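Overview (structure and organization)
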Amino acid sequence: MEGMDGLDVVACERCPELCESRSRIVNGAGPADADLLFVGEAPGANEDEQGEPFVGRSGDVLDETLREVGLDRGDVRITNCVRCRPPDNRDPHVEERAHCRPYLEHEIDAVDPAVVVTLGKVPAEHLLERDVAVTGEAGEVYDVPIEGTPRRVLVSVHPAATLYDPSQKETFGSALETAAEFSDGESGQKRLGDF
Ligand code: URA
């Protein structure tokens, strides 16, 4: 795809405001054939500085919770709806998400994960294409077409939610427990349970 090298966007100027606010494009990280693909909202200050998604406090919560469900950050792929840091950490605008969507679709297509896990409201609404009450729907798995291919999408709260509201820790943990069931694990068997 134009502007991409493999799964990485190497050149993009589709969003004038984000071109101004970013220091760099923050591409997805993790194995290109991961069973689990986590999708966040957009890079924040730490991600913009280090060039990797979820490396700040939210990333610490994600790493820790992955470990609690028997996974390691290195086992999963992590990306965002939008690859450039929005100014003042505002939510990415609908048109910015639309500009970045072909890159995300390309990544989903290439990685072909067993499940796409949405972290927070923005990626859930972006991929399910409807309003989502993430706390209520966390842990739910939906089959949705993404670029014409049916995909499993698991809704989760954003890891940062657990920092503001400790009661979300359990919600986040149990969504990730469900996510872990889609991972090969050490047995080499996909633990797909009822899905
Ligand atoms: N929050 C996100 O949604 N994405 C990141 O990469 C970091 C924090």
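Here, every reference points to the structure presented above.
These numbers come from a predicted model, not from an experiment. (Residues numbered from 1 in each chain as written. Predicted model: local features only at pLDDT ≥ 70, side-chain atom pairs only at ≥ 80, totals over all residues. Heavy atoms only, no water.)

1. With respect to the sheet that holds strand β4 (residues 77–80)
Sheet architecture is open: 5 strands sit in the order β4-β3-β5-β7-β6, paired in mixed fashion. In the strand order of this sheet, the two ends are held by β4 and β6 (141–146), each with one partner. Neighbouring strand axes in the sheet, compared pairwise and without regard to direction, differ in orientation by 35 degrees on average. Where strand β5 (residues 115–119) and strand β7 (residues 149–156) come together, 4 bridges link them in parallel fashion. When the bridges of β7 are listed, T118 appears paired with V155. Most of the contacts of helix α5 (residues 121–128) go to β5, to which it runs at about 135 degrees, and overall it touches β3 (36–40), β5, β6 and β7. (Pairing = 2+ DSSP bridges. Helix = DSSP H or I, 4+ residues; strand = E, 2+ residues; numbered from the N terminus. Axes fitted to C-alpha atoms, helices over the stretch in contact; angles between N-to-C directions. Contact = heavy atoms within 4.5 Å.)

2. Points about the pairing of β5
On a regular strand, one side chain projects to one face of the sheet and the next to the other, so that they alternate. Summarising burial for β5: 5 of the 5 residues are buried, a large majority. The side-chain alternation of β5 yields two buried faces, one formed by V115, V117 and L119 and the other by V116 and T118. (Buried < 20%, exposed > 50% of the residue type's maximum accessible area, 1.4 Å probe, protein only.)

3. Notes on the pairing of β6
In this structure, β6 lies alongside β7, joined through 6 bridges in antiparallel fashion. Paired with V141 across the bridge in β7 is L154. Linking two consecutive strands that pair antiparallel, namely β6 and β7, is a turn of 2 residues; a positive phi of about 50 degrees is found at E147 within it.

4. Brief notes about the layout of surface pockets
Within this model, the largest pocket holds a volume of roughly 610 Å³. Lining the largest pocket are 28 residues, and of these E41, S58, H158, A160 and Y164 sit closest to its centre. Among the elements of the structure, α2 (45–50), α3 (57–68), α5, α6 (134–137) and α7 (161–164) are those that each provide at least two residues to the lining of the largest pocket. A class-by-class count of the residues in the lining of the largest pocket yields 12 nonpolar, 10 polar and 6 charged. (1 Å grid on protein atoms, 1.4 Å probe; cavity = no way out; pocket = protein on both sides within 12 Å on 5 of 7 lines; lining within 4 Å. Points joined across faces, edges and corners; volume = space filled by probe spheres on them. Nonpolar A, V, L, I, M, F, W, Y, C, P; charged D, E, K, R; others polar.)

Such coordinate-based values are descriptive only and should not be taken to indicate function.
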